[in-house]
Amino acid sequence: MNAVRSKKLVVFIPAHNEEGDIGDVISRIPRDFHPEYAVQVVVIDDGSTDGTVAVAKKAGADLVVSFGTNRGLGAAVREGLAQSCSLGADIGLMIDADNEYPPEQIPDVVAPIREGEADYTFGSRFKGRIHGMRLHRRLGNYAFTLLQSILLRKWIYDGQSGMRGFSREAMERAEIIHDYNYAQVLTLNLVRKGFRLREVPIDYRVRTRGQSFIKMRAYLSAVLPAICREMRRPAGSRKVPNRSGKIQETLS
Ligand SMILES: Nc1nc2c(ncn2[C@@H]2O[C@H](COP(=O)(O)OP(=O)(O)O)[C@@H](O)[C@H]2O)c(=O)[nH]1
Ligand SMILES: [Mg+2]
């Protein structure tokens, strides 16, 4: 049966001290979502000091990569993309470890990539349903999403989603220019390179355990300068086949 699975989806999970929730996330990942796709689960443990690693292994993670010390969510997602490429993924999917995003909807979020209609997808909370997001977080999400929409001249609904899909080429070409976070700089980087973004509605449920790592002042002082730095870099390009099937560079 496995012999017909010629393609691979790697689901990667950045995690920092998530022993209470990561097991449930991993056990809910559909392993058999498509006859052509094998699924592997990789955890990027960013210097957790609790039982995250043991719980992840017990729940069935195929690989756990541990940083000796805490390096930040941007560094962990960068590592997740690199690990997915080394494992030979055709598609990569990142999902937060805190059980706020629905693993059951991974097939929906990767579908536009599998069908060749997009290179980069969000599980979009604001196109779907949200349970329990507090007002200040909602407003913060609107503000950062609007900023990205203006910078990219493209309407975006959920610029801070913690559930995202990537084509192989998007994973290879993605650059995350700071270690602290990835959410905005990664989208600015990929969309400006010409990768096609699609948002897929999902159900989102705010965590009932643990704590968000976001502290507003630290977030603003790390993320805003990184957005400015990313926008000052050349947009870059994406290789796409032209009508004759030859690869050409597109400048965006
Ligand atoms: N790599 C890494 N991941 C983190 C860190 N802090 C939180 N995370 C993970 O990043 C994801 C999102 O974090 P969370 O605190 O829930 O942010 P929020 O959902 O935006 O409030 C979760 O999977 C966390 O385990 C960190 O310092 N490093
Ligand atoms: Mg969260």
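Residues numbered from 1 in each chain as written. Chains lettered and ligands numbered in written order. Predicted model: local features only at pLDDT ≥ 70, side-chain atom pairs only at ≥ 80, totals over all residues.

S.K.: Mind showing me how you'd approach the overall build of the protein here?
M.R.: When you go through the protein residue by residue, the secondary structure sums to 8 helices and 9 strands. The C-alpha atoms of the protein give 17 Å as radius of gyration, which agrees with the globular expectation for 252 residues (18 Å, within 12%). Expressed along its principal axes, the backbone C-alpha trace of the protein runs to roughly 50 × 50 × 35 Å. The burial tally for the protein puts 42% of its 252 residues in the buried class. Here the contacts in the protein between residues at least 6 apart in sequence split such that 75% fall between residues at least 24 apart. (Helix = DSSP H or I, 4+ residues; strand = E, 2+ residues; numbered from the N terminus. Rg over C-alpha atoms; globule rule 2.2 N^0.38 Å. Buried ≥ 20, exposed ≤ 12 C-beta atoms within 10 Å, placed from the backbone. Contact = placed C-beta atoms within 7 Å.)

S.K.: Please clarify how the site of ligand 1 should be interpreted in this entry.
M.R.: Neighbouring ligand 1 are 17 residues, the closest being His16, Asp46, Ala76, Ser212 and Phe213. Elements with a minimum of two residues in the shell around ligand 1: strand 1 (7-15) and helix 3 (73-86). (Near = placed C-beta within 6 Å.)

S.K.: What's the story with the UniProt feature "domain: Glycosyltransferase 2-like" (unreviewed entry) in the protein in this structure? I'm lost.
M.R.: Residues annotated in UniProt with the feature "domain: Glycosyltransferase 2-like" (unreviewed entry) correspond here to residues 11-172. The distance from the first to the last C-alpha atom of residues 11-172 is 16 Å, and the span holds 37% helix and 26% strand. (UniProt positions renumbered as here; feature names shortened; annotations may be inferred.)

S.K.: Whenever I open this one, helix 4 (residues 106-114) confuses me. Can you help?
M.R.: Residues lying three or four places apart along an α-helix face the same way, a consequence of the helix completing one turn every 3.6 residues. Among the residues of helix 4, Ile106, Val109, Val110, Pro112 and Ile113 are the ones counted as buried. Projected down its long axis, helix 4 carries its buried residues within an arc of 145°, all on one side. Those residues of helix 4 that are buried are in contact with strand 1, strand 4 (91-95), strand 5 (120-131), strand 6 (163-167) and strand 7 (197-205). Downstream of helix 4 by a residue or two, glycine 116 has a phi angle that is positive, lying close to 75°. (Arc of directions from axis to C-beta.)

S.K.: So what exactly am I meant to see when it comes to the nonpolar core here?
M.R.: Note on soluble globular proteins: their nonpolar side chains tend to be buried together. If you look at the biggest cluster of nonpolar residues, it comprises 56 residues, and the most contacted ones within it are Leu9, Val11, Ile13, Ile22, Leu93 and Ile95. Apart from residues no more than four positions distant in its own chain, isoleucine 22 is found in contact with Ile13, Ala15, Thr52, Val55, Ala56 and Ala97. (Core = buried A, V, L, I, M, F, W, Y, C linked by C-beta atoms within 7 Å.)

S.K.: Explanation requested: the packing of helix 5 (residues 135-152) against helix 7 (residues 183-192) in the structure shown.
M.R.: The relative placement of two packed helices comes down to the angle between their axes together with the axis-to-axis distance. Where helix 5 meets helix 7, the axes come as close as 11 Å, and the angle between the chain directions of the two elements is 20°. As judged from the angle between their axes, helix 5 and helix 7 are roughly parallel. Between helix 5 and helix 7 lies a crossing whose hand is right-handed. Every residue of helix 7 that contacts helix 5 at Phe144, Gln148, Leu151 and Leu152 is listed here: Gln184, Thr187, Leu188 and Val191. Its residues assigned to classes, the contact of helix 5 with helix 7 shows 5 nonpolar, 3 polar and no charged. (Axes fitted to C-alpha atoms, helices over the stretch in contact; angles between N-to-C directions. Parallel < 35°, antiparallel > 145°, perpendicular 65-115°, else oblique. Left-handed = near helix turned anticlockwise from the far one by under 90°. Nonpolar A, V, L, I, M, F, W, Y, C, P; charged D, E, K, R; others polar.)

S.K.: What is the right way to look at the environment of glycine 140 in this model?
M.R.: Structurally, glycine 140 is set in helix 5. Take glycine 140: there are 17 C-beta atoms within 10 Å of it, and that puts it in the partly exposed class. Separated by 68 residues in sequence, glycine 140 and glycine 72 have C-alpha atoms that sit 20 Å apart.

S.K.: Even after reading the chapter, I still don't get the sheet that holds strand 5, so can you show me in this structure?
M.R.: Across a sheet, strands are paired by hydrogen bonds formed along the backbone, either parallel or antiparallel in direction. Spatially, 3-2-1-4-6-5-7 is the arrangement adopted by the 7 strands of the open sheet, whose pairing is mixed. Both edges of this open sheet fall to strand 3 (63-67) and strand 7, since each of them pairs with a single strand only. Between one strand axis and the next, the sheet turns through 20° on average, direction left out of account. Note: strand 4 against strand 6, 5 bridges, orientation antiparallel. The residue bridging glycine 92 from the neighbouring strand is phenylalanine 166, located in strand 6. Across the sheet, helix 2 (residues 52-59) touches strand 1, strand 2 (37-46) and strand 3, and the angle it forms with strand 3 is around 170°. (Pairing = 2+ DSSP bridges.)

S.K.: Explain unusual backbone geometry here, please?
M.R.: Negative phi is the rule for most residues except glycine; trans is the rule for most peptide bonds. For asparagine 17, which is not a glycine, the phi torsion comes out positive at approximately 50°. Positionally, asparagine 17 belongs in the loop between strand 1 and helix 1 (22-27). Using a count of 20 C-beta atoms within 10 Å as the deciding quantity, one classes asparagine 17 as buried. Non-glycine residue asparagine 99 carries a positive phi angle of around 70°. Assignment of secondary structure puts asparagine 99 in the loop between strand 4 and helix 4.

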